[in-house]
Amino acid sequence: HGKSLAPTINKFVTTFLPNQADSCGTCHQPIRAATLKPSHHPIPEGKVKCSDCHNPHGALSPSMVKQPTINDQCYSCHADKRGPYVFNHPPVEENCATCHNPHGSQNVRLLRVGNTVNEACTNCHAEKRGPFLWEHAPVRENCLNCHDAHGSINEKMLKVKQPLLCQQCHQT
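These notes cover the structure that comes with them. Just so we're clear, the structure is a prediction, and the values are computed from it rather than from any experiment.

**A short note on the overall build of the protein**
When helices and strands are counted, the protein shows eight helices and two strands. Moving toward the C terminus, one meets the helices and strands of the protein in the order α-α-α-α-β-α-α-α-β-α. Reported as C-alpha extents along the three principal axes, the dimensions of the protein are approximately 100 × 35 × 30 Å. Counting all 172 residues of the protein, 22% fall into the buried class. Accessible surface computed for the protein: about 13,000 Å², of which carbon and sulfur atoms make up 60%. If the 17 positive side-chain charges of the protein are averaged to one point and the 13 negative ones to another, these points end up 8 Å apart.

Structure representation (structure tokens):
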């Protein structure tokens, strides 16, 4: 009886794949550093990969995003920020990266400027900074208590139409 014709089965061996951000980060060091800042997409954790947004083999834009524009790329995950809005926030229409650093930031919510949402808003809307003689506590606390920074169906980008917005806190 000669040699067995049955195939030999090798032990299952896994291969280690490095975190994609580590591979990309060898050349893109400033971007890799941004992903390690306190406010970031979960790139270091391996939940989001560079290739989820970027096409390393070529794309239509200089940032090499997969979608036609940076905003379209952001909306592919953040569809709730797309609208449609009757009242749009011009910086959002221009580019999400006007306010946010998609790779990471020292600031909350990936904001480019400000340790708080109010600091980010008043960076452009300085006339709203105060101090004012009569300050309304919810405004001082957070602009987003009343406004949607991305856009709204209501004037002044309010979350709810007036007087309903006021009546949410102030009952008669």
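**Quick look at the state of the cysteines**
Counted by the stated rule, this structure contains zero disulfides. Cysteine Cys-96 is unpaired, with the sulfur of Cys-74 as its nearest cysteine sulfur at 3.9 Å.

**Focus on the pattern of salt bridges**
In total, this model carries five salt bridges according to the counting rule given. For Lys-49, the salt bridge identified is with Asp-52, shortest N-O distance 3.4 Å. On the basis of relative accessible area, Lys-49 is assigned to the partly exposed category, the value being 40%. We classify Asp-52 as partly exposed; its relative accessible area is 35%. Among the salt bridges present, the one from Asp-80 reaches Lys-81, with a minimum N-O distance of 3.5 Å. For Asp-80, a relative accessible area of 55% puts it in the exposed group. Lys-81 sits in the partly exposed class, given a relative accessible area of 31%.

**A short note on a nonpolar patch on the surface**
A cluster of nonpolar residues, Val-86, Phe-87 and Ile-153, forms a patch on the protein surface that exposes about 290 Å² of accessible area. Topologically, Ile-153 is positioned in the loop between β2 (151–152) and α8 (164–167). Take Ile-153: its relative accessible area is 59%, and that puts it in the exposed class.

**Some details on the side chain of Asn-71**
Positionally, Asn-71 belongs in helix α4 (residues 70–75). Assessed through its relative accessible area of 8%, Asn-71 is described here as buried. Residue contacts for Asn-71: discarding those within four places in its chain leaves Val-92, Glu-93, Glu-94, Asn-95 and Cys-96.

**Describing helix α6 (residues 117–124)**
Every buried residue belonging to α6 is among Val-117, Asn-118 and Thr-122, and all of these are buried. The arc that holds the buried residues of α6, viewed along the axis, is 120 degrees, so those residues lie on one side. Lining the buried residues of α6 we find α7 (137–141).

What counts as what
- Residues numbered from 1 in each chain as written.
- Predicted model: local features only at pLDDT ≥ 70, side-chain atom pairs only at ≥ 80, totals over all residues.
- Heavy atoms only, no water.
- Helix = DSSP H or I, 4+ residues; strand = E, 2+ residues; numbered from the N terminus.
- Buried < 20%, exposed > 50% of the residue type's maximum accessible area, 1.4 Å probe, protein only.
- Areas by Shrake-Rupley, 256 points an atom, 1.4 Å probe, with all protein chains shown as cover.
- Lys, Arg positive; Asp, Glu negative; His and termini not counted.
- Charge placed at Lys NZ, Arg CZ, Asp CG, Glu CD.
- Disulfide = S-S within 2.5 Å.
- Salt bridge = Lys/Arg side-chain N within 4 Å of Asp/Glu carboxyl O.
- Patch = residues over 30% accessible without salt bridge, like charges linked within 9 Å, V, L, I, M, F, W, Y side chains within 5 Å.
- Contact = heavy atoms within 4.5 Å.
- Arc of directions from axis to C-beta.

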